[in-house]
Amino acid sequence: MSERSDEDAELMLRVKRGDLEAFEALVAKYQQAVMNLIYRTLPDATEAEDLAQAVFVQVYKSAHRYEVSAKFTTWLFTIARNLCLNEIRRRSRHPAESLEASVGIEGDEGVRQYRDVKTYGPEEVALQTELEEKVREAIGGLPETQRTALLLCCENELSYEDISGVIGCSLSATKSLIHRAREALKLRLKPYLKSGVWAGREA
Amino acid sequence: MKQQNDTGGAMNQELLERLWRGDLTGSERARVLSEESVRGGGDLQGQIEEEEALNRLISQNPGCPVSTNFTSRVMEAVRLEQARARREARRGEKGLWGGIGAWLRGSWVAQVLATGLVVVFGVGSMVGLRTYERRQLARSLEVVRDVAALSELELLRDFETIQQLGRVVESSSSMESDAALLAALQ
């Protein structure tokens, strides 16, 4: 983890000196993680991608302020979270639903989410889709701070200290957020946890 | 800890936090379970399995795939941003004030010079104001001096008569003027 962060810091220092290749490497490395974090908050692929792009542009614009003392991932996910929150605030002020969003839900959204569709039969695919939908709903139903803390912990493997840096609260409060998020998910996904469907798919 | 209470008290906080992150290795897991069985605690295995199942659900739930041209789109946006910043910088440098601003930002000599100019202007203004006040005072003193130099009031007693005599002399021509002179004397 520290090797990775050293590497990121090195790349970021090069970006600070105007090296676009270093920036491209950082984008390639973290695009999926940023995209996933945003997509869990704003579940529309097109909008999430636009916002992810804005996150990286913001990273580039703020590169001159980057200090090696700050871990790159903490800095990156803080920017991503702030832009997400801004977008949520903007939407609450102008609650107009975009055309792209509705097309996404009814149109290609389902297709986007299928993985390895050819590997499984129609019954398994249907089951998998249902599970994915339930998990997505359950995660999406969490309060923003709990969801972000949980995803940074489970998907992006940030340390608890780094997560508390992104969320902007104490270490104990961060752990409490993750704990509450997990308890809520366990409650909502109880049948799926017990059925072992996912374990079966793993095998 | 709250977490310990919520999970039945069987799991300690460190173990729980490592489980959340999926950091628990197979051998560690086996060791913890054997220790727990010796102690005869609660359903630790069930709790560990539940936490692990939840980890699987979260990590295997697909996120949103990023489009293949995402990086190139970001790089394009960054290049546009660079061009915009350059344009703005150039626009800022154009014009008298922009030029002065850029010059001031660019060199410490310019900053010292500008500070010196401001100080000179300030001191000059103060000196000018003092000089103006002194001149005003001198003028006032002159007026007072003139008033002090006027004749005594007794000499001004026949002022009107003398004035009228002057008018009579200016328009003297005939009998009328003699009468007028007489009237004035009276």
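The written sequence of each chain sets the order in which its residues are numbered from 1. The naming scheme follows written order: chains are lettered A onward, ligands numbered 1 onward. The predicted origin of the model limits local features to residues at a pLDDT of at least 70 and limits the giving and counting of side-chain atom pairs to 80 or more, whereas totals for whole chains, interfaces and linings rest on all residues. The basis for every side-chain value is the complete set of non-hydrogen atoms in the structure, without hydrogens or water.

### A few points about the overall build of chain B
Right, on to step 1. By definition, any uninterrupted DSSP run of H or I lasting at least four residues is a helix, any uninterrupted run of E lasting at least two residues is a strand, and each is numbered from the N terminus. Helix and strand counts for chain B stand at nine helices and zero strands.
Right, on to step 2. Across chain B, helices and strands are ordered from the amino to the carboxyl terminus as α-α-α-α-α-α-α-α-α.
Right, on to step 3. The contacts in chain B between residues at least 6 apart in sequence include a share of 30% that link residues at least 24 apart.
Right, on to step 4. Using a 1.4 Å probe, accessible areas were evaluated by the Shrake-Rupley method; residue-level cover was limited to the displayed protein chains. Accessible area of chain B: about 13,700 Å², with a carbon and sulfur share of 58%. Contacts are residue-level and defined by heavy atoms, with any inter-residue pair within 4.5 Å sufficient.

### A short note on the confidence of the model for chain A
Right, on to step 1. Within a predicted model, pLDDT stands for the predictor's per-residue confidence, ranging from 0 to 100. Overall, the prediction assigns chain A a mean pLDDT of 81, with 80% of residues at 70 or greater.
Right, on to step 2. Every residue in residues 198-203 of chain A scores below 50 in pLDDT, and together they form ten contacts with partners more than four places removed in sequence or on other chains.

### Description of a nonpolar patch on the surface
Residue and element names in this part refer to chain B.
Right, on to step 1. Like charges within 9 Å and nonpolar side chains (Val, Leu, Ile, Met, Phe, Trp, Tyr) within 5 Å are joined into patches, using only residues over 30% in relative accessible area that form no salt bridge. The rule for a salt bridge is simple: a side-chain nitrogen of Lys or Arg has to be within 4 Å of a carboxyl oxygen of Asp or Glu. On the surface, W97, I100, W103 and L113 cluster together to form a nonpolar patch covering roughly 490 Å² of accessible area.
Right, on to step 2. Per element, the largest residue contribution to the nonpolar patch is three residues, and it comes from helix α6 (residues 96-106).
Right, on to step 3. Take L113: it is sitting in helix α7 (residues 108-148).

### Section: the interface of chain B and chain A
Right, on to step 1. In this assembly, 34 residues from chain B lie in contact with 48 residues from chain A.
Right, on to step 2. The term buried area means the drop in 1.4 Å probe accessible area that two parts suffer when joined, counted for both and summed. Around 4,200 Å² of area is buried between chain B and chain A when both sides are counted, 61% of it from carbon and sulfur atoms.
Right, on to step 3. Together, W20(B), R21(B) and L57(B) form the three largest contributors to the area buried by chain B at its contact with chain A, with a combined 16%.
Right, on to step 4. For the pair chain B and chain A, the number of links is seven salt bridges.
Right, on to step 5. K186(A) serves as the salt-bridge partner of E50(B), at 3.9 Å between the closest nitrogen and oxygen.
Right, on to step 6. Here a polar contact is taken to be a pair of N or O atoms separated by no more than 3.5 Å, where protein atoms must pair a possible hydrogen donor with a possible acceptor and residues adjacent in sequence count only if both atoms sit in side chains. Between chain B and chain A we count 14 residue pairs in polar contact (both at pLDDT 80 or more) in total.
Right, on to step 7. Split by residue class, the side of chain B that touches chain A holds 15 nonpolar, nine polar and ten charged. Any residue outside Ala, Val, Leu, Ile, Met, Phe, Trp, Tyr, Cys, Pro, Asp, Glu, Lys and Arg is labelled polar, Gly included; the first ten of those are nonpolar and the last four are charged.

### Some thoughts on the pattern of salt bridges
Right, on to step 1. Applying the stated criterion across every chain, the model contains 21 salt bridges over all chains.
Right, on to step 2. Residue E47(A) pairs with R91(A) through a salt bridge whose shortest N-O separation is 1.9 Å. Residue E47(A) is located in helix α3 (residues 45-61), and its partner R91(A) is located in helix α4 (residues 72-93); the two are separated by 44 residues in the primary sequence.
Right, on to step 3. When accessible area is computed with a 1.4 Å probe and restricted to protein chains, residues below 20% of their type maximum are described as buried, those above 50% as exposed, and intermediate ones as partly exposed. With a relative accessible area of 18%, E47(A) lands in the buried category.
Right, on to step 4. R73(B) is the partner of D50(A) in a salt bridge, and the nearest nitrogen-oxygen pair spans 3.2 Å. Of this pair, D50(A) sits in helix α3 while R73(B) is found in helix α5 (residues 70-93), placing the two residues in two different chains.
Right, on to step 5. Residue class for R73(B) comes out partly exposed when judged on its relative accessible area of 26%.
Right, on to step 6. Salt bridges sharing common partners tie together R182(A), E183(A), K186(A), E50(B) and E51(B).

### A few points about helix α9 (residues 160-167) of chain A
Right, on to step 1. Among the eight residues in α9(A), six count as buried, and that is most of the element.
Right, on to step 2. Looking at the buried residues of α9(A), the elements they touch are α4, α8 (144-154) and α10 (171-188) of chain A together with α2 (13-21) of chain B.
Right, on to step 3. Phi turns positive, to about 80°, at G168(A), one or two residues after α9(A).

### Remarks on the environment of E144(A)
Residues and elements named next belong to chain A.
Right, on to step 1. Tracing the backbone through its elements, the reader meets E144 in helix α8.
Right, on to step 2. Taking C-alpha positions, E144 is 9.9 Å from I167, a pair spaced 23 residues apart along the chain.
Right, on to step 3. Those residues in contact with E144, other than ones at most four positions away along the chain, are R81 and L85.
Right, on to step 4. At 2.9 Å, the side chain of E144 and the side chain of R81 are in polar contact.

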